[in-house]
Amino acid sequence: MDIEPPKGQGARVQRTKWHDPAHPAEIADLQRHLDFELSESTRAVLAAPTATERHLLGRFHVVDESYIWGVVPIPRVVRDQDRVDYVEVDILMSENAFVTVRKAHERAGQFEPSILSEMFRDRTGPSSGEMFYRFMEDVAAAYLELMNGLMDEIDELEEVIAEGKASPDRIHGRYSGLRKDLLQARRQVTPLLNSLAAIDDERIDIADRIFPEEAEDLVRKVKDDLMGVSQSIPLVADLLSGVRDFHQGVISQKQNERMEKLTIIASLLLVPTLIVGVYGQNFDRMPELHWTDGYAFSWFLIAVTTVIQLVIFWRLGWLGKKRSTPKAGVKDIGSVLDERDDAS
């Protein structure tokens, strides 16, 4: 949806300037480009380095009824290193200015607002509200990429478990990392949704000039996109729990296989030990004590009983059975979605 320009003869289209100062070199020079006075607290936040993930939360406030200040955490998925970093972007909005302060992350670098760069090459736009919408489109896309990346990682983790080549400690560490990434995503998306809801119901605005009705419709669209991301978090959590249960099932199956092997070994040794124990007794009166072929007979008896046990184990399926990992109990994406549809 595009914002209609003012109609009428001689009407002049008001263009909002987009400022994207480099942090922190150009922060001190930012004030002279703005039509409002920055508060001391805003200056301190803009000049501060990026916050850690634990303290980085999305929020928006109206400052002195002259501008809106906000913080947007944006995920950066580093798939080859199996990690997620969050970069901080501070936003300032007035009727005639839109400012994005992209703070550098020591590992993730900076966030590149591709949609803003493509749509507003002349560094101006119809309004701060539309610029904010275009920016949040990129943010919503980043969170959607995060959810897709987490599902891909869960699928890869399931394949690693099925192959049985990774150690349980390494699998547990990767599972814990994915769980942390998922909890962090939920922790970041919820405040952003609350802020967009506050813009939608006009709790965050300045005399309805930054977010007029047309801009509120645009913000509502990106809120729906983030709502879709939020609704996918329980699905990813279910998939992650399914992989954990799958891993526990594999561990239990391996333990059962070890117990079967130990049982077979113990049973194979039990009968020969019994035979040797019987013929090793020092009694004066034993029927087989002076047999000429007693030694050969004892070995023959041991061999026959061992073969009989092996045949019994083979018929029970304990020998020669092809082992397989218990994939039947794992929930894939389709099964989880089907269960949700049935429940609804």
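Quick notes on the rules
- Residues numbered from 1 in each chain as written.
- Predicted model: local features only at pLDDT ≥ 70, side-chain atom pairs only at ≥ 80, totals over all residues.
- Heavy atoms only, no water.
- Helix = DSSP H or I, 4+ residues; strand = E, 2+ residues; numbered from the N terminus.
- Buried < 20%, exposed > 50% of the residue type's maximum accessible area, 1.4 Å probe, protein only.
- Contact = heavy atoms within 4.5 Å.
- pLDDT = per-residue confidence, 0-100.
- Polar contact = N/O pair within 3.5 Å; in protein donor to acceptor, adjacent residues only side chain to side chain.
- Axes fitted to C-alpha atoms, helices over the stretch in contact; angles between N-to-C directions.
- Parallel < 35°, antiparallel > 145°, perpendicular 65-115°, else oblique.
- Left-handed = near helix turned anticlockwise from the far one by under 90°.
- Nonpolar A, V, L, I, M, F, W, Y, C, P; charged D, E, K, R; others polar.

Of regular secondary structure, the protein chain possesses seven helices and six strands. Counting from the amino terminus, helix and strand elements in the protein chain follow one another as β-α-β-β-β-β-α-β-α-α-α-α-α. In the protein chain, which comprises 344 residues, the proportion classed as buried is 40%. A separation threshold of at least 6 residues defines the contact pool for the protein chain, and within that pool the share at least 24 residues apart is 69%.

Further remarks concern the confidence of the model for the protein chain. Taken as a whole, the protein chain shows an average pLDDT of 80; of its residues, 85% reach a score of 70 or greater. No element of the protein chain has a lower mean pLDDT than helix 7 (residues 333-343), at 48, and none a higher one than strand 2 (residues 59-63), at 91. Within the model, the stretch residues 1-13 combines pLDDT values under 50 with 15 contacts to residues more than four positions away or in other chains. The model gives residues 322-337 a pLDDT under 50, and that stretch makes 25 contacts with residues more than four places away or in other chains.

This part covers the side chain of lysine 103. The topology assignment puts lysine 103 in the loop between strand 5 (97-102) and helix 2 (114-119). There is a polar contact of 2.9 Å between the side chain of lysine 103 and the backbone oxygen of alanine 48.

Along the chain, phenylalanine 297 turns up in helix 6 (residues 294-315). With near-sequence residues (within four places) excluded, phenylalanine 297 lies in contact with Tyr279 and Trp291.

One way to put it is that helix 3 (residues 128-163) packs onto helix 4 (residues 168-200) with a least axis distance of 11 Å and a crossing angle of 160°. The orientation of helix 3 with respect to helix 4, classified from their angle, is roughly antiparallel. Crossing of helix 3 against helix 4: the hand is left-handed. Contact with helix 3, carried on its side by Phe132, Met136, Val139, Tyr143, Leu146, Met147, Leu150, Glu153, Ile154, Leu157 and Ile161, involves Ile171, Arg174, Tyr175, Leu178, Asp181, Leu182, Ala185, Gln188, Val189, Leu192, Leu196 and Ile199 of helix 4 and no other residues of that element. In the contact of helix 3 with helix 4, the residues fall into 19 nonpolar, one polar and three charged.

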